[in-house]
Structures are given as C-alpha cells and as structure tokens.
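Observations on the model geometry
Now for the letters of each chain:
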There are 2 protein chains.
Amino acid sequence: MGDLEIRPAVAADVPAVVAMLADDPLGALRESPDDLTPYLAALERLAADPNQHLVVAERDGRVVGTLQLTIIPGLSRKGATRSVIEGVRVHADERGSGLGTRFIEWAVERSRSEGCQLVQLTSDATRTDAHRFYERLGFTASHVGFKLQL
Amino acid sequence: MGDLEIRPAVAADVPAVVAMLADDPLGALRESPDDLTPYLAALERLAADPNQHLVVAERDGRVVGTLQLTIIPGLSRKGATRSVIEGVRVHADERGSGLGTRFIEWAVERSRSEGCQLVQLTSDATRTDAHRFYERLGFTASHVGFKLQL
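Residues numbered from 1 in each chain as written. Chains lettered and ligands numbered in written order. Predicted model: local features only at pLDDT ≥ 70, side-chain atom pairs only at ≥ 80, totals over all residues. Heavy atoms only, no water.

Our focus in this paragraph is the pattern of salt bridges. If you walk through the whole model with that rule in mind, you get 16 salt bridges over all chains. In this structure, the salt-bridge partner of Glu114 of chain A is Arg110 of chain A, at a minimum N-O distance of 3.2 Å. Owing to a relative accessible area of 29%, Arg110 of chain A belongs among the partly exposed residues under this scheme. Among the ionic pairs, Asp129 of chain B bridges to Arg132 of chain B, the shortest N-O distance being 2.6 Å. One end of the pair is Asp129 of chain B and the other is Arg132 of chain B, both in helix H5 (residues 128-136) and 3 residues apart, which spans about a single turn. Judged by its relative accessible area of 56%, Asp129 of chain B falls in the exposed class. Within this structure, Arg7, Asp13 and Glu58 of chain A form a network of salt bridges that share partners. (Salt bridge = Lys/Arg side-chain N within 4 Å of Asp/Glu carboxyl O. Buried < 20%, exposed > 50% of the residue type's maximum accessible area, 1.4 Å probe, protein only. Helix = DSSP H or I, 4+ residues; strand = E, 2+ residues; numbered from the N terminus.)

Encoded structure:
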C-alpha cells in the first residue's frame, strides 16, 4: 500500500466522505449520498471556522478515511481548551491497516499543537469494538453521552 | 425569589463562575479559584468565537449558574449542526429551584434557533443524579464518553 496523507477535506472529497458516512450500520439510516447539497453547505461552514478541522486520509489518490476535530476553549479545568473528535470513518478496504490508529494519533497530536489539555469523543453504546479500540489508545470511558434530537 | 436572567458571561462574572466550577466533588480537584488569570484568558477566547456561548444565570444581582454551549457544524447526519453543552453548574443555594431545568431548556431553545438538529453532552459516570435529570428532560443515554488527558 502507498503512503498515507492526512489533509483538510475539500469539496471534491465530499462524495467519498459521504459514502463512508453511509457505509455503516448506523450511518446507513441517516445519510443521503444521492443528494450532496447539504454536505457541501456544511463543508463551507466548517472551512470558514478556524476551530474546525475536517480531514481526510488519502492513499494512492483515494480517500480512505475521514474525521472531524473541533477545538473548544472553555473555563473549566483552569481555562482548559479541549478537542472533540467526531465522525470517524475508515473505508472498509482499509480496516486492519492501522489507519484508525494513525488517524486518532494524528488528532491527538493536532490537539496538542493547538494547546488542548483534553481530547474527548463519544461512541454509540452499540459500537463495542470501537470502545476497545479507544481504550487501547489510552482513552478512558469515564462519561455517559446524552443526545437529544431536535 | 426574583426573576432569573440568562445572559452572556463577562469578565466581572468570572470569580462567581470559577467558585461554582470549584464547588463540586470533581471540580474541587481541578480548579484554581485563587488564580483567575487562565480563566480570564479563556473568556476572551470564548467571547471572540461566534460558535461559543458561555452564559450565566443571574438572580437578584447574583450569578447563580453557568453553562457553555458550543455550536458544531458537521457533515454527518446530512450536514447536521449539533450543539454541545459543557460546564453546567448551579449554585448550591439554587438547587431544587428549577434553575437546572430552565438552563437546559434555554440551551435547547438556543440550539434550535442556531439551526441545530441535535444537542449533546457528556456527564461523568459517577453523576447518577445528573443522568436522571437529563433523561427526564428527554435526553437519551445512547453513547459512551471517552476522554484522554494530554
């Protein structure tokens, strides 16, 4: 396999990113790969925000992963800045290639360089494989994640 | 009790906000109310970011609660924007006054007016009273929250 590059997502990546978001037991129920309009609008909003880092992993000219890192300043923990990882997806062909680990390590390194003291993420309670993966990378499952659909 | 006002936090609120962050079994271990410098720096950073809403609740001229709402655009869920609630604190004198409910309702309403389709938050696994509170307000404990200290 060729080298892996992690870089900011651009509009041309959106079809591949949305295909990965939809290629998932949960994502299949909530994505619309046939209509990219709302995704392109969201990308513009992300690109304009210096605290947002939507990236893709590219190998041999193909987009094989995506991840969103958000930098959140705050008062608690002595004015600590934290980062939040969302929307992690690795292409089915790349599973077991170590890309997931490389990706999270990239997010942790980037968080450090942005001055964060804490990295956090939530994972659906049904994704038990993902939970073991995050624990192997040093994360602690210390919290309960609540969601409210509007 | 007088009327409650929920408004953006300003520098003059920082001592009261930090006192509330510290007046908590977990917060007591990680805050430094004797040195407000890092909190004031964090407030400046928050105030400059249109996606950040650090608010306080004021009653009879006293700050009695604080909460941070962050608006996060994203690609997943058809380009959905979500909000994240962090750092919710209610002054000990106000517990049972309904302020917690008013506060979360404010955050949900504000999220709606910012175009969010989802509100999320994490709560330490030991805060079981808080979990029941969020479930009563319609939140679902569907996720596991992972954290990594840097």
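Considering all chains together, one arrives at 5 cavities of 30 Å³ or more under this definition. Space inside the largest cavity adds up to approximately 120 Å³. The wall of the largest cavity is formed by 16 residues, among which Gln120 and Thr122 of chain A together with Val84, Gln120 and Thr122 of chain B lie closest to the centre. Contributing elements (two or more residues each) for the lining of the largest cavity: strand S4 (82-90), strand S5 (118-124) and strand S6 (140-149) of chain A together with strand S4 (82-90), strand S5 (118-124) and strand S6 (140-149) of chain B. For the lining of the largest cavity, the per-class residue count stands at 7 nonpolar, 6 polar and 3 charged. Counted as a void, the second largest cavity has a volume near 100 Å³. Leu75 and Ser76 of chain A together with Gln68, Glu86 and Gly87 of chain B are the residues nearest the centre of the second largest cavity, which is lined by 13 residues in total. Mapped by element, the contributors of at least two residues to the lining of the second largest cavity are helix H1 (14-22), strand S3 (62-72) and S4 of chain B. Split by residue class, the lining of the second largest cavity holds 6 nonpolar, 5 polar and 2 charged. (1 Å grid on protein atoms, 1.4 Å probe; cavity = no way out; pocket = protein on both sides within 12 Å on 5 of 7 lines; lining within 4 Å. Points joined across faces, edges and corners; volume = space filled by probe spheres on them. Nonpolar A, V, L, I, M, F, W, Y, C, P; charged D, E, K, R; others polar.)

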